[in-house]
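Report on the structure
Letter by letter, the chains look like this.
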Amino acid sequence: GIPKTIDNDIMLLDRTFGFNTAVTEAERAIDAAYIEAKSADNSIGLVKLMGRHCGFIAMQATLAAGHVDICLLPEMEISLPKLLHQALQIVKAQ
């Protein structure tokens, strides 16, 4: 059988079924959040994307959108104080 997963997390395959569609739809969600956040002062757009144990969809959609300030991936260690500090710096710079 052919393995089906949109996470693009199968070794030896460049792309899995549905991955490009998932990234396109995720980019649309990011764009919508960006427009919404830009329409109000001191706002942020927050988008949570699906994925089992990998951030391939989030990473690819973030790169495709081009206007994301912070992208959290499950493969990364996340420090909440550093994350909040970075978010505050971004909001202050706007």
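Residues numbered from 1 in each chain as written. Predicted model: local features only at pLDDT ≥ 70, side-chain atom pairs only at ≥ 80, totals over all residues. Heavy atoms only, no water.

**Let's talk about the pattern of salt bridges**
- As enumerated under the stated definition, the model contains 1 salt bridge in all.
- A salt bridge links R28 to E25; the shortest N-O distance between them is 3.2 Å. Of the two residues, R28 and E25 both sit in helix α1 (residues 19-38), 3 residues apart, roughly one turn of that helix.
- Here R28 falls in the exposed class, since its relative accessible area comes to 53%.
- Overall, the relative accessible area of 42% leaves E25 in the partly exposed class. (Salt bridge = Lys/Arg side-chain N within 4 Å of Asp/Glu carboxyl O. Helix = DSSP H or I, 4+ residues; strand = E, 2+ residues; numbered from the N terminus. Buried < 20%, exposed > 50% of the residue type's maximum accessible area, 1.4 Å probe, protein only.)

**Topic: the side chain of T62**
- Counting through the fold element by element, T62 comes out in helix α2 (residues 56-65).
- Residue T62 is classed as buried on the basis of its relative accessible area of 16%.
- Residue contacts for T62: discarding those within four places in its chain leaves I30, V68 and C71. (Contact = heavy atoms within 4.5 Å.)

Functional significance is not addressed by these values, which are geometric in nature.
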